[in-house]
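Observations on chain architecture
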Amino acid sequence: MSFSVTEPSHGQKWFAGILVVGYALITLLPLLWIVATGFKSGPDSIAYPPKIAFEPTVEGYVNLFTTQTRLSNEAKLEAVDDLPWYEQLVRERGNTIVGTSRYSERFFNSIIIGFGSTFFAIVLGTAAAYAFSRFRVPLKDDLLFFILSTRMMPPIAVAIPIFLMFRNLGLSDTHAGMILLYTAVNLSLSVWLINGFIDEIPIEYEEAALIDGYTRFQAFYKVVLPQAATGIASTAIFCLIFAWNEYAFAVLLTSGTAQTAPPFIPTIIGVGGQDWPAVAAGATIFLVPVMVFTILLRKHLLRGITFGAVRK
Amino acid sequence: MDNVADKVASATPPSIAHRVKGLSDRAIAWIFVAPTIFILLAINIFPLIWTVYLSFTNYAVNRPNREVKFIGLRNYERILGDADTWATMQATAHFLIWTIVLQVLIGFTLAYLINKKFKGNDLWTTIIVFPMMLSPAVVGNFWTFLYQPQIGLFNYVISFVTGADPSSFSMIGDIALAPWAIVIVDTWMWTPFVMLICLAGLRSIPDSIYEAAECDRASKWRQFWTITIPMVLPFLMLAVLFRGIENFKMFDLVVQLTGGGPGNLTTLTSIDLKREAFEKWRTGFASAYAVILFVTVFGLASIYVKALNRVKQR
């Protein structure tokens with residue numbers, strides 16, 4: 001074993017490890033609670049003291065995807081054996097399913113708007129980043145700063161004129177409008193990040209390609225793009241997560257057709273009061289993909305959250 | 001000229017430029033940059049100019065037939081002379097200062113501990129980062145459940161630790177607690193952000209500096225204050241800049257948590273602005289409000305960036 005003055009001692013490592021793991025477990029608790037609550041029955045979810053051991057049920061998920069109403073007294077006497085399992089589950093609580101809820105619609109809106117805006121932000125952002133990185137663009141630094149500064153504006157402050165603009169253009173509460181808006185917000189991130197990634201690719205590769213008779217376009221997509229692919233992919237995930245999580249614009253500019261999941265989930269209520277298992281089920285389905293992406297992103301995390309200001 | 005490609009490039013006769021087919025570099029640069037600039041102008045700059053224009057008028061979205069009049073600086077006067085605005089600013093300042101203080105203290109400590117490179121530190125770092133990546137609105141909404149008196153997990157844990165009755169306090173409902181309820185959730189969510197940046201700072205310090213200090217018999221304590229802190233400071237200041245801007249804009253998390261209540265106690269500026277613009281529909285007034293906020297963020301951020309650059313140069 002090498003002996004170094006900068007290597008922490010065994011005891012120090014243990015001490016640090018215990019504190020960090022302790023913090024991680026505490027910080028994870030609310031998230032675990034969301035997942036657990038999604039599998040609780042209504043009474044279990046609001047039990048005192050809070051239940052750690054409980055009988056898991058998918059009631060919350062059934063409630064999430066359906067709308068229900070109280071059963072009439074005559075219907076309560078009907079045989080339930082040949083009804084589908086989810087109807088039986090709901091009947092145990094004295095309710096009956098009358099239709100599907102809007103959750104899946106809102107979830108798909110999140111997917112369409114998230115992927116749509118990410119696609120455009122990445123295509124346009126990559127092009128702009130390449131130009132900033134490789135050509136002498138007049139006022140380059142000013143333009144880059146301008147692009148970054150658009151992120152400093154409070155969304156609500158920009159929302160007033162955008163609300164008016166969208167109303168005049170017929171873009172209010174449309175997928176196209178939201179994709180356009182999120183593309184604009186994500187462009188600043190994608191230009192800055194991808195610019196950094198392309199800067200790291202030695203310019204000699206392209207020069208060699210140009211000498212071999214490639215056009216600029218060919219050099220761009222045959223040499224630069226493959227080299228920057230990992231960076232662009234991680235940028236795309238960041239854009240996707242932003243659009244996925246965005247709430248302020250979504251709540252102000254959408255109400256029905258194009259509403260995404262974040263403004264919708266808090267409004268989930270069951271028959272008689274807030275249905276926490278259903279809310280937790282909706283949140284779980286919505287949050288878990290982001291956690292998976294976070295694991296995929298972990299090497300580029302720092303770079304993404306600081307707009308490339310910290311690269312290591 | 002220290003590598004082959006450079007030599008090749010410089011040895012290539014200028015005629016190569018003419019042989020390159022297609023558009024000139026300049027045309028490509030324009031084609032590549034133009035759409036981005038256009039979208040940002042349309043969605044960011046044009047609205048900003050429109051906001052400035054509206055801020056001098058009495059326009060109200062819900063009264064389209066009323067004559068739009070120029071009223072000069074009256075909206076600005078009204079906002080700055082309004083005691084409620086200052087109460088809102090105070091709530092925002094409380095939120096900003098405490099979230100930054102707590103996140104810097106906890107974030108730096110965590111980074112310092114993780115940098116001890118114990119086994120599995122990568123895995124635990126990733127786990128700690130989770131809250132930061134999630135939707136603040138969805139998570140904030142769920143925290144209202146954790147904050148429920150009696151049945152809420154948060155109240156239960158606090159009563160378990162302190163012995164207080166879990167139904168005796170309401171983090172969201174009590175006047176004394178609500179400002180802290182939002183600070184706690186924001187700290188839970190964003191401490192990892194400060195932690196990650198501090199960690200990068202700590203890892204950027206070369207071992208050789210500590211080895212040299214060790215040779216000079218500098219105590220660990222002295223090494224910490226004369227090497228670690230000064231070298232991490234630029235990173236820490238960057239983290240504070242990001243958190244400051246983000247929390248000045250704070251809307252989603254707090255609106256879902258407290259809705260600005262009880263009373264106006266946790267009504268941060270963005271929440272107040274939303275009420276003026278989209279509930280009271282005082283568009284001109286709200287536009288002036290937006291301009292004031294924007295100028296404040298921009299002004300504070302640029303002063304701060306100057307200070308940051310000075311620290312970096314040292």
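Owing to the predicted nature of the structure, the values given are computational and were not obtained by experimental measurement. Chains are numbered independently. Their residues run from 1 in the order of the written sequence. Chains and ligands are labelled sequentially in the order written, the chains with letters from A and the ligands with numbers from 1. Reporting of local features is limited, given that this is a predicted model, to residues whose pLDDT is at least 70; pairs of side-chain atoms are given and counted only at 80 or more, and all residues count toward the totals for whole chains, interfaces and linings.

Looking only at helices and strands, chain B has 14 helices and zero strands in total. In this text, helices come from DSSP runs of H or I with a minimum length of four residues, and strands from runs of E with a minimum of two, each type numbered from the N-terminal end. The linear arrangement of helices and strands in chain B, starting from the amino end, is α-α-α-α-α-α-α-α-α-α-α-α-α-α. We compute the radius of gyration from the C-alpha atoms alone; for a globule the expected value is 2.2 Å times N to the 0.38, where N is the number of residues. Against the compact-globule benchmark of 20 Å for 314 residues, chain B has a radius of gyration of 26 Å, which places it well outside the compact range. With respect to the principal axes defined by its C-alpha atoms, chain B has extents near 75 × 60 × 35 Å. Put simply, chain B has 314 residues, and 38% of those count as buried. Residues are treated as contacting if the C-beta atoms built from their backbones sit within 7 Å of each other. Taking the intrachain contacts of chain B between residues at least 6 apart in sequence as the baseline, contacts between residues at least 24 apart amount to 70%. Three exposure classes are used. Buried residues have 20 or more other C-beta atoms within 10 Å of their own C-beta, exposed residues have 12 or fewer, and partly exposed residues fall in between, all C-beta atoms being placed from the backbone.

Bringing the domain arrangement of chain A into the picture now. All names here are of chain A. All the domain ranges listed were derived from an automatic or database domain assignment. Taken domain by domain, chain A consists of domain 1 (12-55), domain 2 (58-101) and domain 3 (104-305). Here the C-alpha centre of domain 3 lies 32 Å away from the C-alpha centre of domain 1. With nine residues of domain 1 at the interface, the matching set in domain 3 holds seven residues. Taken together, the elements giving at least two residues each to the side of domain 1 that touches domain 3 come down to α1 (10-38) and α2 (42-45). Here the element with the most residues in the side of domain 1 that touches domain 3 is α1; it accounts for four residues.

An α-helix turns once every 3.6 residues. As a result, residues three or four positions apart point the same way. In this model helix α11 (residues 216-245) of chain A runs just 37 Å from its N-terminal to its C-terminal C-alpha over 30 residues, more than 12% under the 44 Å that 1.5 Å per residue would give. Note that bend, as reported per residue, equals the angle between axes fitted to the 7 residues terminating at that residue and the 7 residues originating from it. In α11 of chain A, a bend of some 60° at alanine 229 of chain A exceeds every other bend along the element. To estimate the expected span of a helix, count its residues, drop one, and scale the result by 1.5 Å.

The next point concerns unusual backbone geometry. Omega for the peptide link from tyrosine 48 of chain A to proline 49 of chain A comes to -5°, which places this bond in the cis form. The omega torsion across glycine 261 of chain B and proline 262 of chain B is -5°, close enough to zero to call that bond cis. Within the secondary structure, proline 262 of chain B sits in the loop between α12 (252-257) and α13 (269-278). Phi at phenylalanine 307 of chain A is positive, roughly 55°, even though this residue is not glycine. Mapped onto the secondary structure, phenylalanine 307 of chain A falls in the segment after α15 (301-305).

Before going further, it helps to spend a moment on the confidence of the model for chain B. For chain B, per-residue confidence averages 88 on the pLDDT scale, and residues scoring 70 or more make up 93% of the total. One confidence number per residue, pLDDT, is output by the predictor and ranges from 0 to 100. Here residues 12-20 of chain B scores under 50 on pLDDT; set against residues more than four positions off or in separate chains, the count is six contacts.

Taken together, the 88 residues of chain B in the interface contact 87 residues of chain A. With 14 residues, helix α3 (residues 25-54) of chain B is the largest single contributor of residues to the side of chain B that touches chain A. For the side of chain B that touches chain A, the class distribution of residues is 60 nonpolar, 15 polar and 13 charged. Classification convention: Asp, Glu, Lys, Arg as charged; Ala, Val, Leu, Ile, Met, Phe, Trp, Tyr, Cys, Pro as nonpolar; all other residues, Gly among them, as polar.

Time to look at the nonpolar core. A set of buried residues drawn from Ala, Val, Leu, Ile, Met, Phe, Trp, Tyr and Cys, joined through C-beta atoms within 7 Å, is what defines a nonpolar core. Membership of the largest hydrophobic core comes to 160 residues, with the highest contact counts inside it found for Phe142, Leu196, Ile197 and Cys198 of chain B. Once you skip the residues sitting within four places of it in the chain, isoleucine 197 of chain B turns out to touch Leu302, Thr306 and Val310 of chain A together with Phe235, Leu238 and Ala239 of chain B.

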